Amino acid sequence: MSGTDETKDRKTRTEAEIRAERLARTLRDNLQRRKQQARARRAGAADETMGLPAAPSAAKKDESDG
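Here the residue index of a chain counts from 1 through its sequence in written order. Confidence filtering applies because this is a predicted model: local features only for residues at pLDDT of at least 70, side-chain atom pairs given and counted only at 80 or more, and all residues used for totals across whole chains, interfaces and linings. Values reported for side chains reflect all heavy atoms of the structure, with hydrogen atoms and water molecules removed beforehand.

## Overview of the overall build of the chain
Numbering of helices and strands runs from the N terminus; a helix is a DSSP stretch of H or I covering at least four residues, while a strand is a stretch of E covering at least two. Within the chain, the regular secondary structure consists of two helices and zero strands. Relative to its 66 residues, the chain shows a buried fraction of 3%. Using a 1.4 Å probe, accessible areas were evaluated by the Shrake-Rupley method; residue-level cover was limited to the displayed protein chains. About 6500 Å² of surface is accessible on the chain, with carbon and sulfur atoms providing 52% of the total. Here's how the labels work: a residue is buried when its accessible area is under 20% of the maximum for its type, exposed when over 50%, partly exposed in between, all with a 1.4 Å probe on protein chains only.

Spelled out as structure tokens, the structure:
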């Protein structure tokens, strides 16, 4: 029985290590993206981030009217 427990512990540690590596990679990518955004703002360049576009100003005015 102890052999099975050791195998299970190794697998759990391995999954935890994989999870930690994935988290570290995600954090590094996020930091690099934020640094790039900060450099772009200082340089006055357009922000080239990926994501949802900002709402048009007309839509904002419509919401504030009602």
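## Things to note about a positive patch on the surface
A contiguous patch of positive charge, built from Arg19, Arg22, Arg25 and Arg28, is present on the exposed surface. Considering the arrangement of structural elements, one finds Arg25 in helix α1 (residues 2–43). Distance thresholds for patches are 9 Å for like charges and 5 Å for nonpolar side chains (Val, Leu, Ile, Met, Phe, Trp, Tyr), applied to residues having over 30% relative accessible area and no salt bridge. Salt bridge, as used here: a side-chain nitrogen of Lys or Arg that lies within 4 Å of a carboxyl oxygen of Asp or Glu. Under the convention used here, Asp and Glu are negative, Lys and Arg are positive, and both His and the chain ends fall outside the count. Every charge is mapped to an atom, namely NZ of Lys, CZ of Arg, CG of Asp or CD of Glu.

In short, shape yes, function no, at least from these values alone.
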